[in-house]
Structure formats: structure tokens, C-alpha cells
Amino acid sequence: MPQKINVKNYWDTVNMPWGRLFYKLVWNHLDYKNMKILDFGSGFGITADFLAGNNDVTAIEPGREMLQYRTCNNNYKQINGSTEQLKKLPDNYFDVITCHNVLEYIDNRKEVFGEFYRLLKPEGEVSIVKHNKAGKAMQKAVFENNIPDAIKLLKNEDIVSANFGTINEYSDADLDSYINGKFIIKNKYGLRIFFALQRNEFKENPDWINEMFEIESIAEEIPAFRDIAFFHHIILGKHI
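Report on the accompanying structure. (Residues numbered from 1 in each chain as written. Predicted model: local features only at pLDDT ≥ 70, side-chain atom pairs only at ≥ 80, totals over all residues. Heavy atoms only, no water.)

1. Section: the overall build of the protein chain
When helices and strands are counted, the protein chain shows 11 helices and nine strands. In terms of C-alpha radius of gyration, the protein chain reaches 17 Å, essentially the compact-globule figure of 18 Å for 240 residues. A total of 240 residues make up the protein chain; the buried ones form 51% of that total. The long-range share in the protein chain, meaning contacts at least 24 apart out of those at least 6 apart in sequence, stands at 72%. For the protein chain, the accessible surface area stands at approximately 11400 Å², while carbon and sulfur atoms represent 49% of it. Here the protein chain contributes 29 positively and 33 negatively charged side chains, and the mean placements of these two sets differ by 4 Å. (Helix = DSSP H or I, 4+ residues; strand = E, 2+ residues; numbered from the N terminus. Rg over C-alpha atoms; globule rule 2.2 N^0.38 Å. Buried < 20%, exposed > 50% of the residue type's maximum accessible area, 1.4 Å probe, protein only. Contact = heavy atoms within 4.5 Å. Areas by Shrake-Rupley, 256 points an atom, 1.4 Å probe, with all protein chains shown as cover. Lys, Arg positive; Asp, Glu negative; His and termini not counted. Charge placed at Lys NZ, Arg CZ, Asp CG, Glu CD.)

Rendered as C-alpha cells:
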């Protein structure tokens, strides 16, 4: 999990218009009701809390600092821990597992997917949100004017996050090796295709979230745009 956390800075970011738009786009793909869901690496519990409105949700998060800011408008079970907590959960129990922007900060990715496979019911799904180097390089070079980090990304080198320390990037091809035939890719979406490239002054417009949501939703499955998105949202199905 994250080596170094600037919790207050991260909390402020997720509550900005672009942070709220990120969750709106992700949740648009998670139309689940009356299911047992595990949120692994739940952070501030924002997605766990959203899903708990219509589902039975268990959340696992290692960072006690994150849990101090936990969102809890709906009832869900919160566990403080990491991979060791996965091993305590029963076989074939969950319908869905969410794991959003987590695998960049752990080393035992194959082990984690092995546990996901064990925990999921036969028709179960895994929702993965992961960084995409092409889109990150675009944002670094255009929005941040951080050419050194953009070059590192293009050279397949890791960069350092102000909030979480070193980001251990992995490609979509790497993901195939981690899932090791245990899962199939059902859907792949691009997230943050356009809005990370705009100046922040535009994002305070009251209509900005809805307008940007519309254009992002149109482009999210078009390969040319999906390939340059900052994030990829990948839905995996358990392979029986």
C-alpha cells in the first residue's frame, strides 16, 4: 500500500470538482444492487459508502490516517488492514470486488488476484481503476508543464506522487500476467481523457461537471481516446 501519505492534501483534491467528476464517471459503470461487495484499498470510503446505499459492502484499508476522514453516510463494514485481511474472508462469498488506484502501491499483485479469485462467486466481477502512462504523460507535459516527469513516464520509469510516494506503474499487458488466466476482461473504459488537460479556472463553472461527464462518457470506449486517458477502468469477470 502507499509508502507515504499526505492525507489532508489528498482529501482536499477528491473534494474538488475534478475529484467529484472522477467518482461520477467510475460509479456510472458500477450499477450494482443487492450484492455482496468488497472494496479493497477503500481509502476514504467514498466508493464503499456509495455502493453501500444498495449493497452489502465490506471495505479494507491499511491507512489509519485515511480512515480518520472516512465517508460513512451509509452502513458498511470497515476493516483496517491489507492482504492479510483478504485471507480471513470466506471462499465464493462476494459478487463484486472493487480495487481502485491500489495496485500501483503493492508488490504482491499476483497473490492479490489469487485471493480475489478465491473470494468471488462464479459469476463475480472485479472493478480495477489503474493509471495509464500515456495519459499521465500528456497531463504532466500539458497541464502541469512538468516535462521531466513526462519524459520519465515515456521511458517507462516511475515517478513520485506528492500524496503517496513512488508510483509503481503497470501496463494493461502487465495486468494480463497478474490475472494469469483467472479472469477475462469484460469492459475497459478511459477516465480523465479531457478534463485533466484543462485549466482549473474552467472547472469552477457550475455546468462543468455535467458537460465534461457527457463528453467523457461518449469518448470512454473509443480506442483512440481511451488510449490517452489518465486512468483505465477495467471490469474483469471470473473465469470458470
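Back to the write-up after that little detour.
2. A short note on the nonpolar core
In this structure, Leu21, Phe22, Phe44, Val57, Leu191, Phe195 and Trp208 are the most contacted members of the largest nonpolar core, which totals 39 residues. Looking at this core, the elements that each hand over two or more residues are α1 (7-14), α2 (17-27), α3 (46-51), β2 (56-61), β8 (183-191), α10 (208-219) and β9 (231-238). When sequence neighbours within four positions are dropped, the list of residues in contact with Leu191 reads Phe22, Leu25, Val26, His29, Val129, Glu216, Ala229, Phe230, Phe231 and His233. Listed in part, the 26 residues of the second largest apolar core include Leu38, Leu120, Tyr170 and Leu175. (Core = buried A, V, L, I, M, F, W, Y, C linked by side-chain atoms within 4.5 Å.)

3. Examining the environment of Ala141
Here Ala141 shows up in helix α7 (residues 133-142). You can call Ala141 partly exposed: its relative accessible area is 29%. Through-space distance from the C-alpha of Ala141 to that of Lys88 is 44 Å; in sequence the pair is 53 residues apart. With residues up to four places along the chain from it excluded, the contact list for Ala141 reads Asn146, Ile147 and Ala150.

4. Brief notes about a nonpolar patch on the surface
A cluster of nonpolar side chains, namely Met138, Val142, Leu197, Ile218, Ile222, Phe225 and Ile228, defines an oily patch on the protein surface of about 550 Å² accessible area. By secondary structure assignment, the location of Ile222 is in the loop between α10 and α11 (223-226). (Patch = residues over 30% accessible without salt bridge, like charges linked within 9 Å, V, L, I, M, F, W, Y side chains within 5 Å. Salt bridge = Lys/Arg side-chain N within 4 Å of Asp/Glu carboxyl O.)

5. Comments concerning the pairing of β2
Extensive coverage of β2 is indicated by the burial of five of its six residues. Sheet topology places strand β1 (residues 36-40) next to β2; five bridges connect them, and they run parallel. Paired with Asp39 across the bridge in β2 is Ala59. Examined bridge by bridge, β2 and strand β3 (residues 77-80) share four bridges and lie parallel to one another. (Pairing = 2+ DSSP bridges.)

6. Things to note about the pattern of salt bridges
If charged atoms from side chains of opposite charge come close, those side chains can pair. Here the structure, examined in full by the defined rule, presents 14 salt bridges. Between Asp91 and Arg118 there is a salt bridge; the shortest N-O distance is 2.6 Å. Residue Asp91 is located in the loop between α5 (83-86) and β4 (94-100), and its partner Arg118 is located in helix α6 (residues 109-119); the two are separated by 27 residues in the primary sequence. By relative accessible area, Asp91 is classed as partly exposed at 47%. Here Glu144 ties to Lys140 by a salt bridge, and the two come within 3.1 Å at their closest N and O atoms. The class of Glu144 is partly exposed, set by a relative accessible area of 35%. Each of Lys87, Asp91, Glu111, Glu115 and Arg118 takes part in a single network of salt bridges with overlapping partners.

7. A word on α7
What α7 keeps buried is the set Gly135, Lys136, Ala137, Gln139 and Lys140. On the buried face of α7, the contacting elements are β5 (120-131), α8 (147-154), β6 (159-161) and β7 (165-167).

8. Thoughts on α1
Think of an α-helix as turning once every 3.6 residues; residues three or four places apart then point the same way. Buried within α1 we find Val7, Tyr10 and Val14. Mapping the buried residues of α1 onto a view down its axis gives an arc of 65°, with all of them on the same face. Its buried side turned inward, α1 meets α2, α3 and α4 (64-67). (Arc of directions from axis to C-beta.)

9. Side note on the side chain of Asn55
Mapping Asn55 onto the fold places it in the loop between α3 and β2. For Asn55, a relative accessible area of 9% translates into the label buried. A distance of 3.3 Å separates the side chain of Asn55 from the backbone nitrogen of Lys33, its partner in a polar contact. Only 3.0 Å separates the side chain of Asn55 from the backbone nitrogen of Met35, close enough to count as a polar contact. When residues no more than four places from it in sequence are discounted, the contact partners of Asn55 are Tyr32, Lys33, Asn34, Met35 and Ile37. (Polar contact = N/O pair within 3.5 Å; in protein donor to acceptor, adjacent residues only side chain to side chain.)

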